[in-house]
Amino acid sequence: MVAQQIAFGVTAFAMVVGAVRVVTTKNVVHAALWLMLVLAGVAANFILLAAEFVAVVQVLVYIGAIVVLFLFGIMLTRAPIGRESNLDNSMRPLSLVVGLLIFGLLASVLAKQWGRVHLHTANVQRTSDVAQSIFTQYVVPFEAVSVVLLAALVGAVVIARRD
Amino acid sequence: MLLNEYLFLAAFLFAAGVYGVLARRNAVLVLMSVELILNAVNINLVAFGAFRNSPVGQVFALFVIAIAAAEVGVGLAIVLLIYRNRRSIDLSEVDVMRG
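Residues numbered from 1 in each chain as written. Chains lettered and ligands numbered in written order. Predicted model: local features only at pLDDT ≥ 70, side-chain atom pairs only at ≥ 80, totals over all residues.

A. Representation of the overall build of chain A. Of the regular secondary structure elements, chain A holds six helices and zero strands. The buried share among the 163 residues of chain A stands at 26%. When contacts within chain A are restricted to residue pairs at least 6 apart in sequence, those whose partners lie at least 24 apart make up 54%. (Helix = DSSP H or I, 4+ residues; strand = E, 2+ residues; numbered from the N terminus. Buried ≥ 20, exposed ≤ 12 C-beta atoms within 10 Å, placed from the backbone. Contact = placed C-beta atoms within 7 Å.)

B. Fine view of the interface of chain A and chain B. Tallying the contact residues gives 75 residues for chain A and 63 residues for chain B. Counting only elements with at least two residues in the side of chain A that touches chain B, the list comes to helix 1 (2-24), helix 2 (28-48), helix 3 (52-76), helix 4 (92-113), helix 5 (127-135) and helix 6 (139-160) of chain A. The element best represented in the side of chain A that touches chain B is helix 3 of chain A, accounting for twelve residues. In terms of residue class, the side of chain A that touches chain B is built from 55 nonpolar, 16 polar and four charged. (Nonpolar A, V, L, I, M, F, W, Y, C, P; charged D, E, K, R; others polar.)

C. Examining the nonpolar core more closely. Leu-13, Val-28 and Val-46 of chain B are the most contacted members of the largest nonpolar core, which totals 69 residues. Of all the elements in the fold, those that place two or more residues in this core are helix 1, helix 2, helix 3 and helix 6 of chain A together with helix 1 (3-23), helix 2 (27-52) and helix 3 (56-86) of chain B. Here the element with the most residues in this core is helix 1 of chain B; it accounts for 15 residues. Of the residues that make up this core, three or more belong to each of domain 1 (1-83) and domain 2 (127-163) of chain A. Those residues in contact with Val-46 of chain B that lie beyond four places of it in its chain are Phe-46, Leu-49, Ala-51 and Val-54 of chain A together with Gly-57, Gln-58 and Ala-61 of chain B. (Core = buried A, V, L, I, M, F, W, Y, C linked by C-beta atoms within 7 Å. Domains from an automatic or database assignment.)

Below, the structure is given as structure tokens:
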């Protein structure tokens, strides 16, 4: 339990730093790389929660595909690779207020509602349980998601094609 | 482990993502902030699934991951189209539909 606590502390610190850097850094490529750190931290948290299949999917889909897609997007839109001063708009102070308000509201509600609730990670959900659930109870949403993914990929090709 | 530790971490990621969506003017950076928000939701789903001892949290986290992949694909295609038409992906200049 102590090892789990230490691992959570380390990954949570890295994720907080990474998330702040994603939304404040002046370099677009660095933002993508900090995002990769945050996504890896999320995968580590899934492992701490004994959700190993979701963690593997997170690494494959997010770190393997989506970050590469972001880097391609940065490259194809010819964003300046070095530092850039005008990445933020004029609403920045107001945005900071809104972000802090949302975090304060969520934190106060969570502290009140889930104050000292403990997680019993002894009873884990195995991947076979997850597969059982997907292919019995949630098979229709699963098929719908497959169609949505196909439609989105075909749509992306149609939108981005030079004609 | 307290359930709240995961929930607080997810709340922070969510708030950082909202700040990024509002404050950034580069369209690719806005999409990255949306990814932060979606990952915060995923942490919440898996944490509550572990808390309730039910696999449904993980099932929905997998659905969210699939939808996020579709969203990034279409989003970056739209960003590329905006760049091709306007030579810029500055969102404060994309105001053709402003009333």
